[in-house]
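A closer look at the structure
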Amino acid sequence: MKTAALEKYTVRDVLEYRGNPQLYHTISDVGTIEDALTLMHDHDIVSLPVFDSSSRSFVDIVSVYDIRDYIIHSKDLEKEVNFQLLSGRPSGNATVLQDTIAQVVQSRKHASQEISALAPLEELVRMFATHGQHRVLVADFDAEDDVAAKEYAAQVPEGDSKRKRLASIDSGCSAASLQSGEAHEAVCGLTQYDVVRFIQHHNHELGNSLDTPALEVATTHESLRPSAPKHLPHLTVRDTALSALRLLHDTHNSALPVVDYDGRLVTEVAGANLRSLTSCNIGLLGRSVLAYMFGMHLPVTSPYVIHENFTLSQVMSGLLKMNCRRAWLVDGDERPVAVLSLTDVLNHFL
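Residues numbered from 1 in each chain as written. Predicted model: local features only at pLDDT ≥ 70, side-chain atom pairs only at ≥ 80, totals over all residues. Heavy atoms only, no water.

With mixed pairing, 3 strands are arranged side by side in an open sheet as β1-β2-β3. One side of each edge strand has no neighbouring strand; the edge strands of this open sheet are β1 (27–28) and β3 (58–63). Direction of pairing for β1 relative to strand β2 (residues 47–51): parallel, over a ladder of 2 bridges. Paired with S28 across the bridge in β2 is F51. Contacts from helix α2 (residues 33–43) reach β1, β2 and β3, with the element oriented near 135° to β2. (Pairing = 2+ DSSP bridges. Helix = DSSP H or I, 4+ residues; strand = E, 2+ residues; numbered from the N terminus. Contact = heavy atoms within 4.5 Å. Axes fitted to C-alpha atoms, helices over the stretch in contact; angles between N-to-C directions.)

Now the structure itself:
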């Protein structure tokens with residue numbers, strides 16, 4: 001890693017700092033998208049472990065971003081949105097929200113990533129920063145800290161099933177259960193937020209690395225360089241929520257800034273805003289992003305804003321204190337010119 005002080009840490013260290021990393025709220029593969037969104041909304045989470053309805057074995061993890069990317073390709077989505085927008089009521093036809101979670105999982109190009117608890121912290125950071133993972137599963141948490149275990153953790157045979165690799169998770173992660181209450185194998189996971197918290201906890205070991213200007217960290221992505229602010233994807237207050245979903249999908253972003261008629265930052269639209277969607281209110285996707293948020297009773301809050309004189313240390317503290325996933329860097333006229341996300345923070349340490 002770029003910061004030598006972090007090289008001594010492993011995934012296990014993050015787990016122990018995080019506390020019990022078990023993913024308690026789960027869903028069956030025959031559950032619907034609407035069921036999953038409701039669970040995510042009720043428990044304020046963005047992903048759920050999926051279990052096979054027959055074998056009760058772990059299948060994968062599904063996130064709100066997976067659901068977003070799935071429903072945006074539905075041929076009947078816009079038809080239902082327009083019907084509800086004009087009539088003010090559901091059409092009575094089945095919507096994409098009645099599709100099963102199994103269909104969402106099958107539609108994805110990549111499965112969730114797994115990592116050994118004995119793997120170096122750098123490997124975990126790289127999964128988040130360069131492979132676009134939102135949550136990483138942790139296997140063999142109770143493996144002995146010896147050479148053989150480390151060699152096993154370094155390269156798990158591809159032929160092994162997820163079920164086998166997760167079978168040795170520490171007993172401290174008690175069995176997860178479906179909505180039916182039946183017990184299943186434990187599933188443990190870590191998020192970007194968990195890792196950033198861990199790094200911040202060890203900030204006294206990082207020297208002047210945290211004094212890096214926020215502007216320098218936020219420009220690690222070519223498309224977000226302040227020298228070319230026109231490349232920063234954004235929404236206006238006139239754009240519909242449906243067009244926002246499409247732009248989020250097309251630009252591979254988890255959130256986008258919403259600007260007023262003068263280009264000043266108003267709020268942000270995130271993939272997590274989708275969690276309030278049901279078959280009865282899907283028509284709100286046809287309204288402007290602000291009308292959608294008001295209709296869903298979502299708070300239209302001011303996003304976390306930073307300026308070019310902020311340091312990485314200040315931004316990390318702000319992100320954790322405000323429980324945010326990103327900070328918007330604005331110019332003197334309050335126009336967003338770059339974004340500094342948890343992914344950018346982690347990428348800085350590679």
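This next bit is on α2. Those residues of α2 that fall on the buried side of the exposure criterion are I33, E34, A36, L37, L39 and M40. Contacts from the buried residues of α2 go to β1, β2, β3, α3 (64–71) and α5 (101–107). One or two steps after α2, the chain reaches D44, where phi turns positive at roughly 50°. (Buried < 20%, exposed > 50% of the residue type's maximum accessible area, 1.4 Å probe, protein only.)

The next subject is the packing of α3 against helix α11 (residues 241–251). The contact between α3 and α11 brings their axes to 10 Å, and the two run at 110°. The orientation of α3 with respect to α11, classified from their angle, is roughly perpendicular. Counted together, R68, D69 and I71 of α3 and L245, L248 and H249 of α11 form the full contact between these two elements. (Parallel < 35°, antiparallel > 145°, perpendicular 65-115°, else oblique.)

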